[in-house]
Amino acid sequence: MTIASSRLDSPSVWTDTRLLYALEEVVERELNRHLQVAKDWMPHEYVPWSDGRNFPAFFDDGQEWAKDQSKVTDIGRTALVVNLLTEDNLPSYHHEIASLFGRDGAWGTWVHRWTAEEGRHGIVMRDYLLASRAVDPDQLERFRMAHMSEGFESDNRHSMLHSIAYVAFQELATRISHRNTGHQSGDPVCDRMLARIATDENLHMVFYRNLLQAAFELAPDPTMQAVRDVVVGFRMPGHGIPGFERAAAQMAIGEVYNLRIHHDDVLQPVLRYLKVLQLDGLGPEGRRAQEELALFMGGLDAEAGRFDEKLAARKARMAARDAGR
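Draft legend 1. Examining the overall build of the protein more closely. Helix and strand content of the protein: 11 helices and zero strands. Starting at the N terminus, the α and β elements of the protein follow one another as α-α-α-α-α-α-α-α-α-α-α. Computed over C-alpha atoms, the radius of gyration of the protein comes to 21 Å, within 12% of the 20 Å expected from 2.2 N^0.38 for 325 residues, which places it in the range of a compact globule. In the protein, the proportion of contacts linking residues at least 24 apart, taken out of those at least 6 apart, comes to 83%. Element-wise, carbon and sulfur atoms account for 52% of the exposed surface of the protein, whose accessible area totals about 15700 Å². One finds the centroid of the 37 positive side-chain charges in the protein at a distance of 4 Å from the centroid of its 48 negative side-chain charges.

Draft legend 2. Just the pattern of salt bridges, in detail. Per the stated rule, a full pass over the model turns up 21 salt bridges. Residues Arg120 and Asp40 are paired through a salt bridge, measuring 2.9 Å at the closest nitrogen-oxygen approach. Remark: Asp40 occurs in the loop between helix 1 (16–37) and helix 2 (74–88) and Arg120 occurs in helix 4 (residues 105–132); sequence separation between them is 80 residues. Note on Asp40: relative accessible area 55%, which makes it exposed. By sharing partners, the salt bridges in this structure join Asp40, Arg113, Glu117 and Arg120 into a single network.

Draft legend 3. Expanded view of the packing of aromatic side chains. A complete count under the given rule lists seven aromatic pairs for this structure. Between Trp110 and Phe207, the ring centres sit 3.7 Å apart and the planes meet at 5°, which makes this aromatic pair stacked. Pair noted here: Trp110 is in helix 4 and Phe207 is in helix 7 (residues 188–218), with a separation of 97 residues, a long-range link. Accessibility expressed as a relative area gives 0% for Phe207, which makes it buried.

What counts and how
Residues numbered from 1 in each chain as written. Predicted model: local features only at pLDDT ≥ 70, side-chain atom pairs only at ≥ 80, totals over all residues. Heavy atoms only, no water. Helix = DSSP H or I, 4+ residues; strand = E, 2+ residues; numbered from the N terminus. Rg over C-alpha atoms; globule rule 2.2 N^0.38 Å. Contact = heavy atoms within 4.5 Å. Areas by Shrake-Rupley, 256 points an atom, 1.4 Å probe, with all protein chains shown as cover. Lys, Arg positive; Asp, Glu negative; His and termini not counted. Charge placed at Lys NZ, Arg CZ, Asp CG, Glu CD. Salt bridge = Lys/Arg side-chain N within 4 Å of Asp/Glu carboxyl O. Buried < 20%, exposed > 50% of the residue type's maximum accessible area, 1.4 Å probe, protein only. Phe/Tyr/Trp six-rings, centres within 6.5 Å; stacked < 30°, edge-to-face > 60°.

Here it is as C-alpha cells:
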C-alpha cells in the first residue's frame, strides 16, 4: 500500500471534518462504482405468497401459528429472528450514519442509497417469515417492539473513522450470518432469499472496505488505531435484542456465526485485503496499534481453536447418542 507521505497524518490534524472532506472524492468514486454493479431486485418476488394464510383476531378463518407449520430448522428460526430484528433497527442506523457522514454531496447520496437498499432486507425477510409461517409472529412482533423501543447507539458513534472501520467488518459479518442462516434453514426458498440479501451486504462491505483503504493512505496512524479498537471491541449491531446471548450461543453451535467464522471469514479477509498487519511507514502510535492488533488476532485464533475442539466433541457425543438409539 502506498502512503501519501506529503500529507500530515497525525491524529491532531486529521479531525473528522477534515477526513470527511478529504474522502469525498473517494466516496463519489465508490458510489458510482456501486451503482454500476448493484442490481435492483423486487422483494415480493422472493416471498412464497401462495403459502400464506390468515391469522386469527379479525378473520373467521384465521389459524393460530404452530411450530409444525414452519419449514425451517430450529437454528434457522433462531437466526432468522435475530437477523430480522437486526435489520429492523434501520431508522437508528440511518440516524447514526447521517449524523456522522452528513446528508450533502456524495456522502449524503450514499447514506440514502444504503438506507434504501437495506430497507429491502427487512421487507423481504418479514414477508417471507409471515407468509411461510416460519416463526411465531406474535413473539416476533413483541421482540421487535422491545428492541426498537430501546433504540440503538453505536459503540463507534464518537468517531467517523472508527465508524468506517466498524462497518467494513460489520457488513461482511452480516453477509456471512445471512448466508449461513440460509444454508442452515432447511428451506431452499429461504436460502435463495438470504443469498440475495447477502449479495447486497457484500457490495456494502466492498464500499466501506475501499473507503477504509483510502483512509489508511491518508492517515495511516489514526486509521490503524481505529481498526485496532474496532476489532478488539467488535459487537454485532443486534446485541441489544431480547435474549441475544442465548440466541448467539445457539447460532454459534449451529455454525451460523461463531468465533471461528468471525476470525476466518470476517476479520481476516478484510485485514488481509488491506495488508493491515504488513503496513509500514507508521508512527509510534500506529505501530503500537498494529502490534496490539496482531496479538489480539493470535489470541482470537487460539480461542477459536478451543471452540472448534468443544464443537467437535459435542458433535461426536450427539452422533454416538444417535447411533445408540
